[in-house]
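Structure at a glance
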Amino acid sequence: MAEAYSIRRVSGRRPAAPARRLGNWKLAYADFLTALCAFFLVMWIVHGISSEDKAQLARQFGGEVSSKRAVSAADTLAEALRAEVALASYGASVRVTSDDHWVRIDLTDMAIRPLFETGDGALNGTGEDLVRATARVLAPLPWPVKIEGHTDSTPSETPGYSNWELSADRANSARRILLSNGVNPARFQGVMGLSHTKPLIAEAPHLPANRRISIVLDLNRADAL
């Protein structure tokens, strides 16, 4: 990615040396929009050709046509999201996966960087910052969004307030932040609390990483393209 520098000339020294970096976030955002435009162009081209044409094109570029799932539009979008600086800066707290027709962004509650306070249905300051960063990335995209809240397997200690209520409140907390940071309300297709029924780490359902918000982009909607 290109970087911008201011130039400061120091007396008695030549040539001028780069000083502090300026506007890196603008360049990162411009890179993301460029990748996004390229993605839409690929989607438009792929949508307009037949299966036979796709196979021929793959052979021309040295690809092999097989029964295995080919690289899809969802894979391409997932790669673009993984490369987005605003999300990558959160490291293991962000996990992007894809299948044929959807892309899932998991915002996870890491032990060294928790997104929630214990037993609290609201995101903490770190969690709010991460969801806001995610909103800025998702706002220009057209696809419908579903939000899932997940807990670990430790039961809630609040009487009358189970992990079902807790996970649902966390998902709805994320929805409100996405909404207030530019995501079109018409795109929201569902907000669900799934308690501890779908752990991210199935062999260790008690770990903090299982506490998370999942944001799912549904690419099945052709009218959204």
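Provided above is the structure to which this section pertains.
Rules of the game
- Residues numbered from 1 in each chain as written.
- Predicted model: local features only at pLDDT ≥ 70, side-chain atom pairs only at ≥ 80, totals over all residues.
- Heavy atoms only, no water.
- Helix = DSSP H or I, 4+ residues; strand = E, 2+ residues; numbered from the N terminus.
- Buried < 20%, exposed > 50% of the residue type's maximum accessible area, 1.4 Å probe, protein only.
- Contact = heavy atoms within 4.5 Å.
- Areas by Shrake-Rupley, 256 points an atom, 1.4 Å probe, with all protein chains shown as cover.
- Pairing = 2+ DSSP bridges.
- Axes fitted to C-alpha atoms, helices over the stretch in contact; angles between N-to-C directions.
- Patch = residues over 30% accessible without salt bridge, like charges linked within 9 Å, V, L, I, M, F, W, Y side chains within 5 Å.
- Salt bridge = Lys/Arg side-chain N within 4 Å of Asp/Glu carboxyl O.
- Lys, Arg positive; Asp, Glu negative; His and termini not counted.
- Charge placed at Lys NZ, Arg CZ, Asp CG, Glu CD.
- Phe/Tyr/Trp six-rings, centres within 6.5 Å; stacked < 30°, edge-to-face > 60°.
- Lys NZ or Arg CZ within 6 Å of the ring centre and 35° of its normal.

Turning our attention to the overall build of the protein chain. Looking only at helices and strands, the protein chain has six helices and seven strands in total. Along the protein chain, from the amino end to the carboxyl end, the secondary structure elements read β-β-α-α-α-α-β-β-α-β-α-β-β. Across the 225 residues of the protein chain, 35% fall into the buried class. Long-range pairs, those at least 24 residues apart, make up 68% of the contacts in the protein chain with a sequence separation of at least 6. Element-wise, carbon and sulfur atoms account for 56% of the exposed surface of the protein chain, whose accessible area totals about 13000 Å².

This paragraph deals with unusual backbone geometry. Positive phi, close to 55°, is recorded for Ser 195, a residue that is not glycine. Looking at where Ser 195 falls in the secondary structure, it is placed in the loop between strand E6 (188-193) and strand E7 (212-218). For Ser 195, a relative accessible area of 1% corresponds to the buried category.

Strands sit in the order E3-E4-E7-E5-E6 across an open sheet of five strands; the sheet is mixed. Two strands close off the open sheet at either side, each with one partner strand: strand E3 (94-98) and E6. Looking at each pair of strands side by side, their axes are set apart by 15° on average, direction ignored. For E3 and strand E4 (residues 102-108), the ladder comprises five bridges, and the chain directions are antiparallel. Paired with Val 96 across the two strands is Ile 105, which belongs to E4. Across the sheet, helix H3 (residues 73-83) touches E3, E4 and E7, and the angle it forms with E3 is around 165°.

As a further point, take a negative patch on the surface. Together, Glu 117, Asp 120, Glu 165 and Asp 169 make up a negatively charged patch on the protein surface. With respect to the secondary-structure elements, Asp 120 resides in the loop between E4 and helix H5 (125-138). Judged by relative accessible area, Asp 120 falls into the partly exposed class, the value being 34%.

Attention now moves to the pairing of E4. E4 sits mainly inside the fold: six of its seven residues count as buried. In this sheet, E7 lies alongside E4 in antiparallel orientation, the contact comprising seven bridges. Bridge pairing in E7 places Thr 108 opposite Arg 212.

Moving on to the packing of aromatic side chains. Working definition: an aromatic ring pair is given by the centre-to-centre distance plus the angle between the planes. On inspection of all chains with the given rule, the structure shows zero aromatic pairs. In this arrangement the basic side chain of Arg 104 is found over the ring face of Trp 102, its NZ or CZ atom lying 5.6 Å from the centre. Here the basic side chain of Arg 170 rests over the ring of Phe 116, its NZ or CZ set 4.2 Å away from the ring centre.

Next up on the list: the pattern of salt bridges. Counting across every chain of the model gives seven salt bridges. For Glu 79, the salt bridge goes to Arg 82, with nearest N and O atoms at 2.5 Å. Residue Glu 79 and its partner Arg 82 are both found in helix H3; the two are separated by three residues, about one turn of the helix. Looking at Glu 79, the relative accessible area reads 48%, which means it is partly exposed. Residue classification places Arg 82 among the partly exposed positions, given a relative accessible area of 36%. Residues Asp 106 and Arg 212 are paired through a salt bridge, measuring 3.4 Å at the closest nitrogen-oxygen approach. With a gap of 106 residues between them, Asp 106 in strand E4 and Arg 212 in strand E7 connect regions that are remote in the sequence. The same class applies to Asp 106 as to Arg 212, namely buried. What you see here is one network of salt bridges that share partners, running through Arg 95, Asp 106 and Arg 212.

Function cannot be inferred from these measures alone, as they are strictly geometric.
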